[in-house]
Each structure stands twice: as C-alpha cells, then as structure tokens.
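Here is what each chain is made of, one letter per residue.
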Amino acid sequence: MSTEPRVGVLMGSDSDWSVMQEAGKVFKQFGIGFEMKVTSAHRTPERTHTYVSEAPGRGIKVLICGAGAAAHLAGVVASGTNLPVIGVPLAATDLDGLDALLSTVQMPGGIPVASMAIGKAGAKNAALFACQILALSDPELATALNTYRTDMAASVAKKDAALQSKLADL
Ligand code: RP5
C-alpha cells in the first residue's frame, strides 16, 4: 500500500500525544500513510486553517482531530473542508473528557463531525473508522479490515475457551 499520507491526525496540544498515538498504531498496522500535527483551534487558528485548506491538495482524504477541554478543533476543522472529520474527545480537565465529548459531538446542524468515544478507545476507533472510509475505494484495505475482525472474533473465542477451562477447574 502507498505510504503517502492519506489521513491527517491533528491534536490540540502535545499533551494529547499519549492518547492519540493509538490512532497512529492502527495506521501502522494497516500500512496506511498518515501524518500527525499539533495545531490548535484557538491557540493557532491561522496554522489550523492553512493546514485544512492545503490537506486535500496533498492527498489527505480523512481528518482526525483529538482535543480536550472546550474542544473546538474538530468543529473548526470541519468548517473549513468537505473531507470527513472524525473527532476524538480527550480527558484534559477535572471533567474527565465530558467537556470535550459534548464540545465535539454537539455540532449544530450543517457542519458534521463524527465523534468517537473519549480517550484511547476513541483514538483507536477513529483510525479504524478512517480505514473503513478509505476501504470504500481500496479493496486491499477492505480485505485487511475483514481479516482484522475475523482475528478479533477468534481471540474472543480463545478467551471463552480459557474461561470454560477455568470454570471446569473450580
Ligand atoms: C486542548 O487543551 C488540547 O487539545 C489539550 O487536550 C488541552 C490542554 O492543552 P495543554 O494545556 O496541555 O497544552 O486545546
């Protein structure tokens, strides 16, 4: 698969990296080219607008935005592009991500943001969701996603088998 970046992963601060790296791990696993940038909706609005306006011309097809607190990043990015934007709310304050979740998911009608769960699961699912979007026009990636789910189901069956043997030993 091409390693040219097809997904742009933005985060509002370097303090978001520990969670947003989960998205990067998924793209590495599937061999999807991606780039990651720190850019903030409110601290660096011009930098954010410039990135968003240039992204499609560089082959970016999907954008992921991780941000905490009053998380404007996904909404602001979505306002500047018709590319699909996936928001990942992050826990950065005493509200444990509920603030970011509501800021990300409660977009007024007209400018959609696909919001994932708070934190690492959200970052991982954002990347998988981006892969699913790309797979619409990438049969090789579609096959890889099917295999991923088959393997996941097999691991659950294996865990159940281990549980049954623990039960038998009680
Ligand atoms: C948001 O504010 C960032 O996305 C981050 O989650 C949060 C706190 O940022 P720092 O103060 O750690 O830079 O914009």
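Residues numbered from 1 in each chain as written. Predicted model: local features only at pLDDT ≥ 70, side-chain atom pairs only at ≥ 80, totals over all residues. Heavy atoms only, no water.

Draft legend 1. Seen up close, the environment of Ser-13. Residue position: Ser-13 is located in the loop between strand 1 (7-11) and helix 1 (17-30). Setting aside anything within four residues of it in sequence, one finds Ser-13 in contact with Val-38 and Arg-43. A distance of 3.3 Å separates the side chain of Ser-13 from the side chain of Asp-14, its partner in a polar contact. (Helix = DSSP H or I, 4+ residues; strand = E, 2+ residues; numbered from the N terminus. Contact = heavy atoms within 4.5 Å. Polar contact = N/O pair within 3.5 Å; in protein donor to acceptor, adjacent residues only side chain to side chain.)

Draft legend 2. Spatial organisation of the pairing of strand 1. Among the five residues of strand 1, five are classified as buried, and the element is accordingly described as predominantly covered. Burial along strand 1 is two-sided: the face carrying Val-7, Val-9 and Met-11 and the face carrying Gly-8 and Leu-10 are both buried. One ladder, built from five bridges, connects strand 1 with strand 2 (residues 34-38); its direction is parallel. Looking across to strand 2, one finds that Val-9 is bridged to Met-36. A crossover connection joins strand 1 to the parallel strand 2 through helix 1; in handedness this β-α-β unit is right-handed. In this structure, strand 1 lies alongside strand 3 (residues 62-68), joined through five bridges in parallel fashion. (Buried < 20%, exposed > 50% of the residue type's maximum accessible area, 1.4 Å probe, protein only. Pairing = 2+ DSSP bridges. Right-handed = clockwise from strand over helix to strand, strands pointing away.)

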